[in-house]
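# Results of the structural survey
Residues per chain are reported as follows:
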Amino acid sequence: MRRTAALILIGNEILSGRTRDDNIQFLATRLGELGIPLREIRVIPDIRDTIIDTVTDLRARFDEVFTTGGIGPTHDDITAPCVAEAFGVPWEIHPPTFALLEQHFGADNFNTARQRMAKLPRGATPISNSVSIAPGFTIGNVYVMAGVPRIMRAMFEALAPSLKKGAPVFSRTWHTTSLFEGALAEGLEAIQNSFPDLDLGSYPFHREDGRRGVALVAKGQDTAEVEKAAQAIYNLLKEKGGAPVEGEPPP
């Protein structure tokens, strides 16, 4: 089964450079392991129309859409009401979440700002949060999670068992220090044309100790096809006079 995913990173702080996003690599890796490869990433600001339009667009084109950021207690945490609007449902108090957060903070400290985190789109299912209690949520094929990496990862691992999985993404890599991209580009393009359903990549490296070269990667969900493409890559490296070494080049 082939499935696809998209990721929306929401937050002015990412676009301004104030915050470095650490979630992409984690989610791309984990989604690949689950057979739901990440095919598109959008980084967007905390602007209502942009969030609504982006969610509406991507949820129609991908099996699963994941968002990070904008679900806290402050004025600029507008992801949840925008997702509700994208689905055409109210954003309202979710009684079990309200009770959970009230117990966590205590009635005297459960102020209006914190009560915002107890509001979900109508019909949404909470995603549990073992780190800071306030949940994310799922509605349709959209999964809304926190932007803080430690919290996002906890939410994702709570969510992962319920996701509909596809064939895991498999990859093979060869690298060499005796050839460079220009000598391999034409041959690699021919291999890609022979395996159009795979992702083939060429990644040059240049280490501080002077080691230089290129790593060629074949990646896809059909293990047999990946193995055939990897053999073709090995053959190409040998034909061009290289010394292929399996795996990523050492750091």
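Just so it is clear, the structure is predicted and the values come from calculations on it, not from any experiment. (Residues numbered from 1 in each chain as written. Predicted model: local features only at pLDDT ≥ 70, side-chain atom pairs only at ≥ 80, totals over all residues. Heavy atoms only, no water.)

Let us now look at empty space enclosed by the protein. All chains considered together, the criterion is met by 1 cavity of 30 Å³ or more. When its volume is computed, the largest cavity comes out at roughly 90 Å³. Taken together, 16 residues form the lining of the largest cavity, with Ile71, Ala80, Arg116, Met117 and Lys119 sitting closest to its centre. When residues of the lining of the largest cavity are assigned to their parent elements, the largest contribution, 3 residues, is made by helix H4 (residues 79–87). Class assignment of the residues belonging to the lining of the largest cavity gives a composition of 9 nonpolar, 4 polar and 3 charged. (1 Å grid on protein atoms, 1.4 Å probe; cavity = no way out; pocket = protein on both sides within 12 Å on 5 of 7 lines; lining within 4 Å. Points joined across faces, edges and corners; volume = space filled by probe spheres on them. Helix = DSSP H or I, 4+ residues; strand = E, 2+ residues; numbered from the N terminus. Nonpolar A, V, L, I, M, F, W, Y, C, P; charged D, E, K, R; others polar.)

The volume enclosed by the largest pocket comes to roughly 470 Å³. Together, 29 residues line the largest pocket, and Gly69, Gly70, Ala146, Gly147 and Val148 are the ones closest to its centre. Within the residue set of the lining of the largest pocket, elements represented by two or more residues are helix H1 (12–15) and helix H7 (149–159). Examining the composition of the lining of the largest pocket, we find that 3 residues originate from one element, H7, more than from any other. Partitioned by chemical class, the residues of the lining of the largest pocket number 12 nonpolar, 10 polar and 7 charged. In this structure, the second largest pocket encloses a volume near 390 Å³. The wall of the second largest pocket is formed by 14 residues, among which Ala28, Thr29, Gly32, Val169 and Lys219 lie closest to the centre. Here the element with the most residues in the lining of the second largest pocket is helix H2 (residues 24–33); it accounts for 4 residues. When the residues that make up the lining of the second largest pocket are grouped by side-chain class, the tally is 5 nonpolar, 5 polar and 4 charged. Counting the residues that make up the lining of the second largest pocket, at least three belong to each of domain 1 (5–162) and domain 2 (170–246). (Domains from an automatic or database assignment.)

Applying the stated criterion across every chain yields a total of 6 aromatic pairs. When the centroid spacing of 4.9 Å and the interplanar angle of 65° are considered together, the rings of Phe98 and Phe110 count as edge-to-face. Highlighted residues: Phe98 in helix H5 (residues 95–105) and Phe110 in the loop between H5 and helix H6 (112–115), separated in sequence by 12 residues. Looking at Phe98, the relative accessible area reads 22%, which means it is partly exposed. (Phe/Tyr/Trp six-rings, centres within 6.5 Å; stacked < 30°, edge-to-face > 60°. Buried < 20%, exposed > 50% of the residue type's maximum accessible area, 1.4 Å probe, protein only.)

Let us now look at the packing of helix H8 (residues 181–194) against helix H9 (residues 223–239). It is at 10 Å that the axes of H8 and H9 come closest, and there the two elements cross at 160°. By the angle class used here, H8 and H9 are roughly antiparallel. Where H8 crosses over H9, the two elements pack in a sense that is right-handed. Here Leu184, Gly187, Leu188 and Ile191 of H8 come into contact with H9, specifically with Ala229, Ala232, Ile233, Leu236 and Leu237. Its residues assigned to classes, the contact of H8 with H9 shows 8 nonpolar, 1 polar and no charged. (Axes fitted to C-alpha atoms, helices over the stretch in contact; angles between N-to-C directions. Parallel < 35°, antiparallel > 145°, perpendicular 65-115°, else oblique. Left-handed = near helix turned anticlockwise from the far one by under 90°. Contact = heavy atoms within 4.5 Å.)

Tallied over the entire structure, the rule returns 16 salt bridges. Here Asp49 makes a salt bridge to Arg48, at a shortest N to O gap of 2.4 Å. Here Glu225 ties to Lys228 by a salt bridge, and the two come within 3.4 Å at their closest N and O atoms. Of the two residues, Glu225 and Lys228 both sit in helix H9, 3 residues apart, roughly one turn of that helix. What you see here is one network of salt bridges that share partners, running through Glu40, Arg42, Asp57 and Arg61. (Salt bridge = Lys/Arg side-chain N within 4 Å of Asp/Glu carboxyl O.)

This next bit is on the domain arrangement of the protein chain. Domain annotation for the protein chain reports domain 1 (5–162) and domain 2 (170–246). On a C-alpha basis, the centroid separation for the pair domain 1 and domain 2 is 37 Å.

Right, let's talk about the sheet that holds strand S9 (residues 170–176) for a bit. If you trace the 4 strands from one edge of the open sheet to the other, you get S10-S11-S9-S12, paired in antiparallel fashion. The open sheet has two edge strands, strand S10 (199–206) and strand S12 (245–246), and neither has a second partner. The strands touched by H8 within the sheet are S10 and strand S11 (212–220), with S10 carrying the most contacts at an inclination of about 165°. Across the sheet, H9 lies against S9, S10 and S11, angled at about 5° from S9, the strand it touches most. (Pairing = 2+ DSSP bridges.)

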